[in-house]
Amino acid sequence: QGGDATPRFQALAAELRSLGQQQVRVTGLEAAITSAKSARAAFLEARHEVEVLDKALAEAKGAGANQQAIKLLETELRAANRELQTSERAWIKQKDALSQTRAEAAAAGVDTRNLAAEQARLKAALETTTKAVADQQKAVEGQRAAAAEEQRLAAIVEEPKARQRRAAEELLAAEKRAYA
């Protein structure tokens, strides 16, 4: 069974790497979701600002406001429209990044629709795999200890045999000398 340890450790290491990669994907996906939500909120806020300024400009023109007030509102509206375009591009970019991150996470085996459950699954899998590594390490250490004990006992058994052989050789040599 000692020969099984290396492949088992390699399998556990591969599992740990896979779980780590999935965890990185989940973390990246969470960050992409947060970024996309922030970009969308900025876009909606900019769009609301444009709507408010557009309405104010229409009311000012309808009420016969002076040219300076109308020019000021037009300038603010142009700036708000630029901000709206910028925020819309940022939101689109974040949505695209989220889609790509979601696809990569799904390809890595991550359930991208229920991240809380996926986090719990990864945590449980990591704990299980970590325990399996610890159990395997204990088994290997137990096998090593058993092998060391076996060698110690073999040495204890071998010592009297070696003494008996030496004594028999000495006795044989002594008999040869006595009869020679």
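Residues numbered from 1 in each chain as written. Predicted model: local features only at pLDDT ≥ 70, side-chain atom pairs only at ≥ 80, totals over all residues. Heavy atoms only, no water.

A. Geometry of the confidence of the model for the chain. This prediction gives the chain a mean pLDDT of 88; 97% of its residues lie at or above 70. Looking at the elements of the chain, mean pLDDT is at its lowest for helix α3 (residues 115-179), recorded as 86, and at its highest for helix α2 (residues 67-107), recorded as 94. (pLDDT = per-residue confidence, 0-100. Helix = DSSP H or I, 4+ residues; strand = E, 2+ residues; numbered from the N terminus.)

B. Looking closely at a negative patch on the surface. The grouping of E45, E49, E76 and E83 at the surface amounts to a negative patch. Of all elements in the fold, only α1 (5-62) and α2 reach the threshold of two or more residues within the negative patch. Its location among the elements puts E45 in helix α1. (Patch = residues over 30% accessible without salt bridge, like charges linked within 9 Å, V, L, I, M, F, W, Y side chains within 5 Å. Areas by Shrake-Rupley, 256 points an atom, 1.4 Å probe, with all protein chains shown as cover. Salt bridge = Lys/Arg side-chain N within 4 Å of Asp/Glu carboxyl O. Lys, Arg positive; Asp, Glu negative; His and termini not counted. Charge placed at Lys NZ, Arg CZ, Asp CG, Glu CD.)

C. Examining the pattern of salt bridges more closely. All told, the structure shown has eight salt bridges when counted by the stated rule. The salt bridge partner of E74 is K61, with a shortest N-O separation of 3.6 Å. Separated by 13 residues along the polypeptide, E74 in helix α2 and K61 in helix α1 bring together distant segments of the chain. Given the relative accessible area of 48%, K61 is considered partly exposed. Residue R165 is joined to E158 by a salt bridge in which the shortest nitrogen-to-oxygen separation is 3.0 Å. Since its relative accessible area comes to 45%, R165 is described here as partly exposed. (Buried < 20%, exposed > 50% of the residue type's maximum accessible area, 1.4 Å probe, protein only.)

D. Here's a closer look at the side chain of Q22. Among the secondary structure elements, Q22 is positioned in helix α1. Q22 gets classed as buried once you look at its relative accessible area, which sits at 10%. Those residues within four positions of Q22 in sequence are excluded, and the remaining contacts are A108, G109, V110, E118, R121 and L122. (Contact = heavy atoms within 4.5 Å.)

E. Quick look at the nonpolar core. With 13 residues, the main nonpolar core has V50, L53, L57, L73, L77 and L84 as its most contacted residues. Every element with two or more residues in this core is listed here: α1 and α2. If one sorts the elements of this core by residue count, α1 sits on top with seven residues. When near neighbours in sequence (up to four residues on either side) are disregarded, L57 contacts I70, L73, E74 and L77. Grouped together as the second largest cluster of nonpolar side chains are twelve residues, V26, A105, L122 and A125 included. (Core = buried A, V, L, I, M, F, W, Y, C linked by side-chain atoms within 4.5 Å.)

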